[in-house]
There are 2 protein chains.
Amino acid sequence: MDEVGRDQGRDDVTEAFDDVVRLMIRHLADHGSLTFTAIMCLGRLYRDGPTRLTELAAVEGSSQPSTSQLVQRLERQGLVVRVRDPQDGRASLIALSDAGRTLVANRLRDRRDRLAELLATLSPEDDASLRLAMNVARPIIQRLIETARRSDKQARS
Amino acid sequence: MDEVGRDQGRDDVTEAFDDVVRLMIRHLADHGSLTFTAIMCLGRLYRDGPTRLTELAAVEGSSQPSTSQLVQRLERQGLVVRVRDPQDGRASLIALSDAGRTLVANRLRDRRDRLAELLATLSPEDDASLRLAMNVARPIIQRLIETARRSDKQARS
DNA sequence: CCATTTATATCACGAGTTTATGTAAAATTT
DNA sequence: AAATTTTACATAAACTCGTGATATAAATGG
């Protein structure tokens, strides 16, 4: 469009991130009957361990009612269990069931396998470049996530 | 079960991509009353221009009925318009309205701005590293998307 | 003991998904 | 040309998922 587009067109992290999102969402989804939301929730529990419903909603950036219903569905499917806190009659900890844990682990492996297949179609140079680039990028991205999370939390209060 | 924590030092493009997805979906969403699905659809039309409904569904990896309803909603909101093809009475081309195009352009700018704010919290070294890494990664990722799209298409036939 | 806060649930509703099916126009067959 | 099939899209039914508003029930603090 204008001259700004020239600078940003060559060096645009946003565009690259958008591409990643499209690749992951569109082509590496394979949510075998599971929704993106459900996957994200289970993945969160897998990484963070048992979590209170309200906190789960907060870290997933979703509303409490939405999370409440999601947990109920996942409970019906036998993927999570509730542990009522004896110290606090209101609260309950949401945790992965064995089935849930297995499912997440399998999914993670499947995703890795599928991405590996895709990476195998690249030239050895491209494959190496991408791996190197993403290994450089990852810790920095994680710092961005941390920063974003903090500013989200602040904006919410 | 196994040590997820040890993945940190490992070479795992999947994990890095997952981080990107979480960052973009969770923290850079700001879908001002617009859904992720709607955003994706409008973005597609912005990039590809007027598209038939069926093809739109295909490239977005969504069903035809789902896309049909989505387009109806977007039409109601004045973001897309239909142009019935005089050559083919069955088909209609879906295109962005002026309002839709403006909205997508603004959103893109906002996303860039917000990401720029986040990047500004990084050290100059990290910022430069991330930009460099993503500029290396992007064309390779685009090749992956192309490959994935072709194999998706083949699997569907 | 009563009021407030906190944790979760429920309700109403719209968006978005799927599969199955309907409709109408184009293409093909005979 | 008429009948059939295919193609492009719409509709229906049933579910997940999101929201805000509100209910319930337990902890907390006067």
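Just so we're clear, the structure is a prediction, and the values are computed from it rather than from any experiment.

Caption draft 1: Region of interest: the relation of the copies chain A and chain B. Mapping chain A onto chain B leaves a residual RMSD of 0.1 Å; the transformation is a rotation of 180 degrees accompanied by 0.0 Å of translation along its axis. Viewed as a symmetry operation, the transformation between the two copies matches a two-fold axis. Rotation axis and chain A: the residue whose C-alpha lies nearest the axis is Ala133 of chain A, separated from it by 2.3 Å. When the interface residues of chain A are mapped onto chain B, 95% of them again fall at the interface, so both copies present the same face.

Caption draft 2: Layout of the environment of Cys41 of chain B. Residue and element names in this part refer to chain B. By secondary structure assignment, the location of Cys41 is in helix α2 (residues 36-48). As for Cys41 and Leu70, which are separated by 29 residues in sequence, their C-alpha atoms are 8.6 Å apart. Once residues within four sequence positions are removed from consideration, Cys41 is found in contact with Leu56, Glu60, Leu70 and Leu74.

Caption draft 3: Quick peek at the protein's contact with DNA strand D. Of all residues adjacent to DNA strand D, which total 24 residues, the nearest are Thr35 and Ser63 of chain A together with Thr54, Ser68 and Arg82 of chain B. Backbone sugar and phosphate groups make up 72% of those atoms of DNA strand D lying within 4 Å of the protein. Between Ser68 of chain B and DNA strand D, the recorded distance is 2.5 Å, taken from a side-chain N or O atom to a phosphate oxygen. For the surface near DNA strand D, the secondary structure elements donating two or more residues are α5 (64-76) of chain A together with α3 (53-60) and α4 (64-76) of chain B. Counting residues per element, the surface near DNA strand D draws most heavily on α5 of chain A, at five residues. Considered class by class, the residues forming the surface near DNA strand D number five nonpolar, 13 polar and six charged.

Caption draft 4: Representation of the packing of helix α3 (residues 36-48) of chain A against helix α6 (residues 98-120) of chain A in the model. All names here are of chain A. One can describe the packing of α3 onto α6 by two numbers: an axis separation of 10 Å at closest approach and a directional angle of 105 degrees. With respect to each other, α3 and α6 are oriented roughly perpendicular. Contacts between α3 and α6 involve Ile39, Leu42, Gly43 and Tyr46 on the former and, on the latter, Arg101, Leu103, Val104, Ala105 and Arg107.

Caption draft 5: Broad picture of the protein's contact with DNA strand C. Neighbouring residues of DNA strand C: 25 residues in total, closest Thr54 and Arg82 of chain A together with Thr35, Ser66 and Arg73 of chain B. Close to the protein, within 4 Å, the atoms of DNA strand C belong to sugar or phosphate groups at a rate of 71%. The contact in question runs from a phosphate oxygen of DNA strand C to an N or O atom on the side chain of Arg73 of chain B, over 2.4 Å. Take Gly89 of chain B: an N or O atom from its main chain is 2.9 Å from a phosphate oxygen of DNA strand C. Contributing elements (two or more residues each) for the surface near DNA strand C: α4 (53-60) and α5 of chain A together with α4 of chain B.

Caption draft 6: Molecular detail of the interface of chain A and chain B. Counting residues at the interface gives 58 residues for chain A and 59 residues for chain B. Carbon and sulfur atoms supply 65% of the area buried between chain A and chain B, which totals about 6000 Å² over both sides. If you sort the residues of chain A by the area they bury against chain B, Arg26, Arg138 and Leu144 of chain A come out on top, with a joint share of 11%. Counting the contacts that link chain A with chain B gives 10 salt bridges. Our enumeration of links across chain A and chain B arrives at 12 residue pairs in polar contact (both at pLDDT 80 or more). Elements that contribute at least two residues to the side of chain A that touches chain B include exactly α1 (3-10), α2 (13-27), α3, α4, α6 and α7 (124-156) of chain A. The element contributing the most residues to the side of chain A that touches chain B is α7 of chain A, with 20 residues. Across the side of chain A that touches chain B, the residue classes tally to 28 nonpolar, 10 polar and 20 charged.

Caption draft 7: Geometry of helix α1 (residues 13-27) of chain B. Residues and elements named next belong to chain B. Taking 1.5 Å per residue, 15 residues should reach 21 Å; α1 reaches 21 Å between its end C-alpha atoms and fits that length. Where burial is concerned, most of α1 is hidden: 14 out of the 15 residues are buried. Capping the start of α1 is the job of one residue whose side-chain oxygen sits 2.9 Å from the backbone nitrogen of Thr14: Asp12.

Caption draft 8: Summary view of the packing of α3 of chain A against α1 of chain B. Taken N-terminus to C-terminus, the directions of α3 of chain A and α1 of chain B make an angle of 115 degrees; their axes are 13 Å apart at the nearest point. In the crossing of α3 of chain A with α1 of chain B, the sense of the turn from one axis to the other is left-handed. Mapping the contact onto sequence places Phe36, Met40, Arg44 and Arg47 of chain A in α3 of chain A and Val21, Arg22 and Ile25 of chain B in α1 of chain B. Here the residues of the contact of α3 of chain A with α1 of chain B are counted per class, giving four nonpolar, no polar and three charged.

Calculation criteria
- Residues numbered from 1 in each chain as written.
- Chains lettered and ligands numbered in written order.
- Predicted model: local features only at pLDDT ≥ 70, side-chain atom pairs only at ≥ 80, totals over all residues.
- Heavy atoms only, no water.
- Least-squares fit on C-alpha atoms with pLDDT ≥ 70 in both.
- Contact = heavy atoms within 4.5 Å.
- Helix = DSSP H or I, 4+ residues; strand = E, 2+ residues; numbered from the N terminus.
- Near = heavy atom within 4 Å.
- Polar contact = N/O pair within 3.5 Å; in protein donor to acceptor, adjacent residues only side chain to side chain.
- Nonpolar A, V, L, I, M, F, W, Y, C, P; charged D, E, K, R; others polar.
- Axes fitted to C-alpha atoms, helices over the stretch in contact; angles between N-to-C directions.
- Parallel < 35°, antiparallel > 145°, perpendicular 65-115°, else oblique.
- Buried area = accessible area lost by both parts, 1.4 Å probe.
- Salt bridge = Lys/Arg side-chain N within 4 Å of Asp/Glu carboxyl O.
- Expected span 1.5 Å × (residues − 1).
- Buried < 20%, exposed > 50% of the residue type's maximum accessible area, 1.4 Å probe, protein only.
- Left-handed = near helix turned anticlockwise from the far one by under 90°.

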